[in-house]
Structures are given as structure tokens and as C-alpha cells.
Amino acid sequence: MKIRQRPRKPDPVARKKVNYKVRYIGEMTLSLTPGGIYQCVAEITEPALKGYLGVIDESGDSYVYSPKLFVKVE
């Protein structure tokens with residue numbers, strides 16, 4: 001008799017929780033405005049994406065972006 005198993009969820013990305021503001025310095029996109037200030041909620045610590053930032057954009061969702069696109073606001 002074969003037992004059915006639930007599909008596994010992908011492993012979550014290793015991240016460090018943070019809470020600070022960043023200014024977007026990249027090109028205009030649908031969810032980011034140049035010069036806009038956004039909330040950074042995570043720094044990715046996984047080797048493949050080390051240094052990338054988890055940022056809440058204008059849609060209200062958190063996405064992973066390159067750190068080259070942002071400057072930390074004091």
C-alpha cells in the first residue's frame with residue numbers, strides 16, 4: 001500500500017531580520033520609484049544571495065533586491 005505524502009515546501013531563504021529605511025536609487029519600475037523611501041525588513045545571509053535586501057515595496061509585499069539599488073537612510 002502506497003502512502004500519499006504532502007508536497008514539500010521549498011526551504012526558506014536564510015535571512016537576518018532588520019528594521020531600517022532605505023532610499024531607492026535605481027530606475028523607475030512598477031513597484032519602486034527613484035528617490036522613494038522604503039522599509040528594509042531582512043538581509044539575506046544565504047551564500048548565493050549574500051547581502052541582498054528584503055524590502056517592502058509600494059505593493060506592500062516584501063521582495064529581494066540587489067543592495068546596489070538602495071542607500072541606507074539615517
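Each remark here, short or long, concerns the structure printed above.
As the structure is a prediction and not an experimental result, all values here were calculated from the model.

Procedures and definitions
Residues numbered from 1 in each chain as written. Predicted model: local features only at pLDDT ≥ 70, side-chain atom pairs only at ≥ 80, totals over all residues. Heavy atoms only, no water. Pairing = 2+ DSSP bridges. Helix = DSSP H or I, 4+ residues; strand = E, 2+ residues; numbered from the N terminus. Salt bridge = Lys/Arg side-chain N within 4 Å of Asp/Glu carboxyl O. Buried < 20%, exposed > 50% of the residue type's maximum accessible area, 1.4 Å probe, protein only.

Q: Hey, could you run me through the pairing of strand 3 (residues 53-56) in this one?
A: Looking along a regular strand, one sees the side chains alternate between the two faces of the sheet. As judged from the 4 bridges shared by strand 2 (residues 37-44) and strand 3, these two strands associate in the antiparallel manner. Paired with Gln39 across the bridge in strand 3 is Ile56. Here strand 3 pairs with strand 4 (residues 62-65) via 4 bridges, running antiparallel. Counted as the bridge partner of Ile56 is Ser62 from strand 4.

Q: What should I look at first to understand the pattern of salt bridges in this one?
A: The full count for this structure, using the stated rule, is 1 salt bridge. Lys16 serves as the salt-bridge partner of Glu43, at 3.5 Å between the closest nitrogen and oxygen. Separated by 27 residues along the polypeptide, Glu43 in strand 2 and Lys16 in strand 1 (residues 15-24) bring together distant segments of the chain. A relative accessible area of 22% places Glu43 in the partly exposed class. Since its relative accessible area comes to 44%, Lys16 is described here as partly exposed.

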